[in-house]
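Okay, here's what each chain looks like letter by letter:
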Amino acid sequence: MLSPVGRSPENCWRRRELVGHLSGPYGIPNHIRCHTKGRAMIEVPVLVVGAGPVGMSLGLLLDRFGISSLVAERRPATTVHPKAYGSTARTMEHFRVWGIEDQVRGGGLPPNSDVISWCESLSGPIVALTHPEPSNNTPSPKSIVAQDVVEEALDHALSTRPRVDLRRSTQVISFQQDSEGVTALLRHVDTGEEFEVRSRYIVGCDGAASLVRERVGIEMEGPETLQVRATHYFRAPVGHLPHVRRVVGFLCRPKGRPALDVLGTGPDGDRWRFIQLLGDGEEPYSTDHLIDLVREYWGIPDLKVEPINVQVWNMSAQVAKSFRRDRAFLAGDAAHRFPPAGGIGMNSGIQDVHNLAWKLAAVLDGSGTDALLDTYETERHPVAWSNTNWSVEGFDRIEEMDEIFHNRHDDPEPWRALLIDQDRQINCEGQAMGLIYAGSAAVVDDGSPVPPHDSRYYWPTDRPGARFPHMWLDAAESESTIDWFDTAFVLVCGPDATGWKAAGEDLAREGKMPLLVKVLPHLVGPLTLGHEGAALVRPDGHVAWRSQGSGAPEDLVAALADVLAGAAGVASLALAVRG
């Protein structure tokens with residue numbers, strides 16, 4: 001596991017001075033200036049508030065586009081609490097492209113451990129297990145890995161990226177927007193030193209109690225508190241037991257004792273979390289009580305238990321009414337909060353910024369219009385509601401299963417039916433990868449039928465708005481089509497699409513917008529573009545336009561222009577995730 005990388009404000013200043021005026025493929029100069037009005041002034045294209053997984057992912061993405069950002073985080077280091085749990089295949093695909101997949105996966109549970117165990121005792125017998133998710137549709141299967149590992153990997157990656165100025169122990173105090181940008185006042189938590197940041201845009205990745213959301217006046221919709229829970233994080237060396245590292249966690253429901261959700265953390269079977277439901281006025285377990293419970297539930301009276309910390313939190317089901325207010329954007333928990341059932345909260349936030357980053361890059365470069373930025377909300381807002389509703393459904397399912405668990409011997413059919421149904425929650429490849437931005441103004445909709453959404457199963461398609469499918473490009477299965485999509489539009493051509501290939505190469509030579517041309521060596525995937533067709537794929541991996549046969553080069557030019565103008569789709573978004 002990687003160690004957190006500490007960076008003081010002084011070190012960040014020095015590093016920024018060294019890279020002063022770097023610019024990337026989108027041609028954005030990165031300036032630092034000092035004013036003599038009592039405070040330092042930094043000028044940067046994007047100010048990111050919050051350095052959890054979402055904020056750090058945005059900083060990393062912007063750097064890959066050649067754009068500077070200042071990422072402000074009030075905490076002094078990466079989290080010491082596991083928090084979010086599990087990276088979906090779609091998130092792991094991003095980590096693959098960013099070069100951190102192995103680091104993240106190495107800190108998680110073994111492969112195929114995405115299984116839930118129902119039991120009355122952690123030492124057995126195991127009453128029932130769910131089934132692991134298949135992984136034929138991705139080069140990077142999901143990883144059961146906790147947020148602390150993800151943050152450490154991202155923090156380490158950012159330490160090598162010259163355009164990311166990560167300021168820890170730094171709090172955004174206030175900001176004001178005008179027609180040209182945003183001026184923010186920041187303060188170092190320990191020293192009280194203040195400085196100002198002038199940016200074109202500000203992105204709130206600052207969590208449930210988002211300052212950015214509060215200052216721009218965006219309200220949340222949905223219940224703020226479904227439950228109050230305490231997560232007890234501790235060490236207990238039980239990795240020698242053969243069953244403990246093959247499951248996401250245990251839903252332990254002993255008769256006459258409190259129900260506990262017990263989650264494994266890390267690859268060694270020595271770090272765990274007890275999830276305690278708190279009633280009105282109830283306090284988290286004391287240290288002594290926790291140790292007694294751990295020993296009792298594992299059935300090992302002399303088990304060495306070392307409490308690490310405890311975190312009390314609200315389970316919510318809320319989505320912000322808007323994800324944008326002028327030059328301010330919301331992402332991650334600042335924009336949406338789900339129950340943890342299914343584990344897609346952090347993943348949704350990373351998909352948010354993956355959607356937003358390329359649009360910010362295009363607008364900052366001048367190749368995209370402000371209307372393109374509006375498509376961030378029109379595409380991601382319905383996804384947030386779909387993920388919220390799906391997570392609530394999973395939470396309700398577990399609540400229902402709790403009620404019939406102890407009656408499973410007398411009436412086994414309801415128990416069996418719900419257990420099988422729980423695979424819909426654990427196996428969520430469709431929810432993670434199957435969304436289609438049908439009707440988006442950043443997608444040239446060809447009017448083809450929108451496949452029905454299935455949260456459990458992902459059905460690959462190259463329809464405009466969908467994630468372009470994964471196909472292995474070599475017999476050794478080392479290169480995937482997913483690897484193509486990073487910081488440029490990609491024209492994916494069929495094996496015999498010589499006309500589209502030539503048109504794409506001509507457009508790429510003009511250099512107005514990063515464009516790569518790739519030719520499929522075969523059509524073994526579920527593609528409809530055909531041998532002579534092509535698909536224009538956005539940097540976030542979603543199909544922007546498709547031709548199912550040969551066509552005129554000007555069609556490609558018009559499609560790219562419409563997408564960058566945010567004028568390609570119809571007025572309202574019919575997102576295929578509501579099924």
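The structure displayed is predicted, hence computed values, not measured ones. Counting restarts for each chain, with residues numbered from 1 along the sequence as it is written. Given that this is a predicted model, residues contribute local features only at a pLDDT of at least 70 and side-chain atom pairs are listed and counted only at 80 or more, while totals for whole chains, interfaces and linings are drawn from all residues. Side-chain descriptors were evaluated using all non-hydrogen atoms of the structure, hydrogens and water having been removed beforehand.

Peer 1: I'd love a proper account of helix α13 (residues 498-510), names of residues and values included.
Peer 2: Helix length check: α13, at 13 residues, gives a terminal C-alpha distance of 19 Å against a target of 18 Å (1.5 Å per residue), a fit within 8%. Burial classes follow relative accessibility: with a 1.4 Å probe on protein chains only, a residue under 20% of its type's maximum area counts as buried, one over 50% as exposed, and anything between as partly exposed. We count a stretch as a helix when DSSP gives it H or I for four or more residues in a row; a strand needs E for two or more, and each element gets its number in order from the N terminus. Taken together, the buried positions of α13 are occupied by Trp500, Ala503, Gly504 and Leu507. Buried residues along α13 cover an arc of 95° about the axis, so they all sit on one side. Turned more than 90 degrees from where α13 packs its buried face, Thr498 and Arg509 sit exposed. Here a residue-residue contact requires only that any non-hydrogen atoms of the pair lie within 4.5 Å. Tucked inside the fold, the buried residues of α13 contact β22 (489-493), β23 (515-519), β24 (534-537), β25 (543-547) and α14 (553-564). Remark: Gly511 follows α13 within two positions and exhibits a positive phi of approximately 70°. To estimate the expected span of a helix, count its residues, drop one, and scale the result by 1.5 Å. What the arc measures is the spread of directions leading from the helix axis to the C-beta atoms.

Peer 1: Account for the packing of aromatic side chains, with residues named and values stated.
Peer 2: What counts as a ring pair is set by centres within 6.5 Å for rings of Phe, Tyr and Trp (its six-membered ring), and what kind of pair is set by the plane angle: stacked under 30 degrees, edge-to-face over 60, tilted for all other angles. Going through the model one piece at a time under the given rule, you end up with 16 aromatic pairs. Taking 6.0 Å as the distance between ring centres and 80° as the angle between the ring planes, the aromatic pair formed by Phe250 and Trp298 counts as edge-to-face. Here Trp298 lies in helix α7 (residues 287-298) and Phe250 lies in strand β14 (residues 249-252), a separation of 48 residues in the sequence. A residue is classified by how much of its surface remains accessible, and Phe250, at 0% relative accessible area, is buried. Look at Trp298 and you get buried, because its relative accessible area is 0%.

Peer 1: Before we move on, could you go through the nonpolar core and cite the residues and values that matter?
Peer 2: Throughout this description, the term nonpolar core refers to a set of buried Ala, Val, Leu, Ile, Met, Phe, Trp, Tyr and Cys residues connected via side-chain atoms within 4.5 Å. One finds Leu70, Trp98, Leu186, Val203, Phe489 and Leu536 to be the most contacted residues of the largest nonpolar core, which totals 93 residues. Counting residues per element, this core draws most heavily on helix α8 (residues 345-365), at eleven residues. If near-sequence neighbours (up to four positions away) are discounted, Trp98 is found in contact with Ser57, Leu60, Leu61, Arg64, Leu154, Ile350 and His354. Ranked by size, the runner-up nonpolar core spans 23 residues in total, among them Phe234, Val238, Leu260 and Leu293.

Peer 1: Break down the sheet that holds strand β18 (residues 318-320) for me, citing the residues and quoting the values.
Peer 2: If you trace the three strands from one edge of the open sheet to the other, you get β12-β18-β21, paired in antiparallel fashion. Strand pairing shows two members of the sheet lacking a second neighbour, β12 (220-221) and β21 (336-337), which therefore form its edges. Looking at chain direction, β18 and β21 are connected through two bridges and run antiparallel. Counted as the bridge partner of Gln318 is Arg337 from β21. Helix axes are fitted only over the stretch in contact, all axes being lines through C-alpha atoms; the angle between N-to-C directions runs from 0 to 180 degrees. Against the sheet, helix α9 (residues 370-405) engages β12, β18 and β21, with an angle of about 175° to β18. Only strands that DSSP links by at least two bridges are regarded as paired with each other.

Peer 1: I'd like a description of the pattern of salt bridges, backed by residues and values.
Peer 2: Here, a salt bridge means any Lys or Arg side-chain nitrogen found within 4 Å of an Asp or Glu carboxyl oxygen. By the definition in use, this model includes 39 salt bridges. Residue Arg253 is joined to Asp402 by a salt bridge in which the shortest nitrogen-to-oxygen separation is 2.8 Å. Linking Arg253 in the loop between β14 and β15 (260-265) with Asp402 in helix α9, this pair joins segments that are 149 residues apart in sequence. Given the relative accessible area of 6%, Arg253 is considered buried. The salt bridge involving Asp352 is made with Arg380; its shortest N-O contact spans 2.8 Å. Here Arg380 lies in helix α9 and Asp352 lies in helix α8, a separation of 28 residues in the sequence. You'll find Asp352 and Arg380 in the same group, each marked buried.

Peer 1: Would you mind going over the pairing of strand β16 (residues 271-278) in detail, with residue names and values included?
Peer 2: Counting buried positions over the eight residues of β16 gives seven, a clear majority of the element. Where strand β13 (residues 227-235) meets β16, eight bridges bridge the pair, whose relative direction is antiparallel. Directly across from Tyr233, in β16, lies its bridge partner Arg273. Here β15 pairs with β16 via five bridges, running antiparallel. Each residue of the ladder has a partner; that of Thr265, found in β16, is Arg271. Linking two consecutive strands that pair antiparallel, namely β15 and β16, is a turn of five residues; a positive phi of about 90° is found at Gly266 within it.

Peer 1: I'd like a description of the layout of surface pockets, backed by residues and values.
Peer 2: In this analysis, the protein atoms alone were mapped onto a 1 Å grid. Cavities are point sets where a 1.4 Å probe fits without being able to get out; pockets are open sets with protein on both sides within 12 Å along at least five of seven lines; lining residues have an atom within 4 Å of a point. Grid points are joined across faces, edges and corners, and a volume is the space filled by probe spheres set on the points. Roughly 220 Å³ of internal volume is contained in the second largest pocket. Lys, Arg, Asp and Glu make up the charged group, whereas Ala, Val, Leu, Ile, Met, Phe, Trp, Tyr, Cys and Pro make up the nonpolar group; the residues left over, Gly among them, are polar. Looking at side-chain class alone, the lining of the second largest pocket contains seven nonpolar, five polar and five charged residues.

Peer 1: I'd love a proper account of the environment of Gly52, names of residues and values included.
Peer 2: One can find Gly52 in the loop between β2 (40-49) and α2 (53-64). Under the relative-accessibility criterion, Gly52 is labelled buried at 14%. Ignoring sequence-local partners within four residues, the contact set of Gly52 consists of Glu73, Arg75 and Glu151.

Spatial relationships are all this shows, so hold off on functional conclusions.
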